[in-house]
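Listed here are the chains, written in short residue letters.
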Amino acid sequence: MTNREIARVAKITARKCRRGLNKCNIKLDDASESIICEYVQTELTNWRRENKYVPEKSIQFIQEILSRRLNETTVPYETAETLKLIFANLPALFDKIQRERESEAKELAAKLPAIKV
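Residues numbered from 1 in each chain as written. Predicted model: local features only at pLDDT ≥ 70, side-chain atom pairs only at ≥ 80, totals over all residues. Heavy atoms only, no water.

Concerning helix 1 (residues 3–23)
Here's step 1: Compared with an ideal rise of 1.5 Å per residue, which puts 21 residues at 30 Å, helix 1 spans 30 Å between its outermost C-alpha atoms and is within 8% of the ideal.
Here's step 2: Listing the buried residues of helix 1 in full gives Ile6, Ala7, Ala10, Ala14, Cys17 and Leu21. For helix 1, the angular spread of buried residues about the axis comes to 100°, placing them on one side. The exposed residues of helix 1 that point more than 90 degrees off its buried face are Arg4, Lys16, Arg19 and Lys23. (Helix = DSSP H or I, 4+ residues; strand = E, 2+ residues; numbered from the N terminus. Expected span 1.5 Å × (residues − 1). Buried < 20%, exposed > 50% of the residue type's maximum accessible area, 1.4 Å probe, protein only. Arc of directions from axis to C-beta.)

With respect to a positive patch on the surface
Here's step 1: The grouping of Lys11, Arg15, Lys16, Arg19, Lys23, Lys96 and Arg99 at the surface amounts to a positive patch.
Here's step 2: In terms of residues, the positive patch owes the most to one element, helix 1, which gives five residues.
Here's step 3: With respect to the helices and strands, the residue arginine 15 is situated in helix 1. (Patch = residues over 30% accessible without salt bridge, like charges linked within 9 Å, V, L, I, M, F, W, Y side chains within 5 Å. Areas by Shrake-Rupley, 256 points an atom, 1.4 Å probe, with all protein chains shown as cover. Salt bridge = Lys/Arg side-chain N within 4 Å of Asp/Glu carboxyl O. Lys, Arg positive; Asp, Glu negative; His and termini not counted. Charge placed at Lys NZ, Arg CZ, Asp CG, Glu CD.)

Regarding empty space enclosed by the protein
Here's step 1: By the definition in use, this model includes one cavity of 30 Å³ or more.
Here's step 2: Volume-wise, the largest cavity comes out at about 70 Å³.
Here's step 3: Considering the residues around the largest cavity, the lining is formed by Glu43, Asn46, Trp47, Glu50, Lys52, Tyr53, Val54, Lys57 and Ser58.
Here's step 4: When contributions to the lining of the largest cavity are tallied by element, the ones reaching two or more residues are helix 2 (30–50) and helix 3 (55–69).
Here's step 5: Top contributing element to the lining of the largest cavity by residue count: helix 2, with four residues.
Here's step 6: For the lining of the largest cavity, the per-class residue count stands at three nonpolar, two polar and four charged. (1 Å grid on protein atoms, 1.4 Å probe; cavity = no way out; pocket = protein on both sides within 12 Å on 5 of 7 lines; lining within 4 Å. Points joined across faces, edges and corners; volume = space filled by probe spheres on them. Nonpolar A, V, L, I, M, F, W, Y, C, P; charged D, E, K, R; others polar.)

Regarding the packing of aromatic side chains
Here's step 1: Per the stated rule, a full pass over the model turns up four aromatic pairs.
Here's step 2: An angle of 50° between the planes, with centres 6.4 Å apart, marks the rings of tyrosine 53 and phenylalanine 87 as tilted. One end of the pair, tyrosine 53, is in the loop between helix 2 and helix 3; the other, phenylalanine 87, is in helix 4 (residues 76–111), with 34 residues separating them in the sequence.
Here's step 3: Note on tyrosine 53 and phenylalanine 94: the rings are 5.3 Å apart at their centroids and 50° apart in plane angle, and the pair reads as tilted. Taken together, the residues span a long stretch of sequence, with tyrosine 53 in the loop between helix 2 and helix 3 and phenylalanine 94 in helix 4 at a distance of 41 residues. Residues tyrosine 53 and phenylalanine 94 agree in their burial class; the two are buried.
Here's step 4: Each residue in the set Trp47, Tyr53, Phe87 and Phe94 is aromatic and connected to the rest through ring pairs, giving one cluster. (Phe/Tyr/Trp six-rings, centres within 6.5 Å; stacked < 30°, edge-to-face > 60°.)

This is the structure:
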């Protein structure tokens with residue numbers, strides 16, 4: 001994933017979280033959406049860099065971002081709970097992305113001509 005793709009996925013994720021919670025009468029504010037976006041973007045960037053997901057680092061980052069930015073939002077509890085839900089679903093997302101990468105690589109390898117050495 002490129003930086004642009006990561007930023008786009010992070011924004012879409014934050015918007016979807018906000019819309020989904022709004023349907024349940026839980027109103028996230030703009031600051032909460034920004035916090036969620038920052039968290040998702042950082043996790044995707046770290047995963048891309050290391051090609052693995054480390055839950056301990058993710059928990060530390062959640063604690064850091066909440067301690068640094070929690071005073072910006074009017075709904076801190078809802079923001080923290082949303083980050084926990086995203087944290088719980090990240091391994092499945094990373095597995096899905098990895099499967100898609102492998103599938104694309106296989107398709108590309110099948111299309112390329114064989115090179116004789």
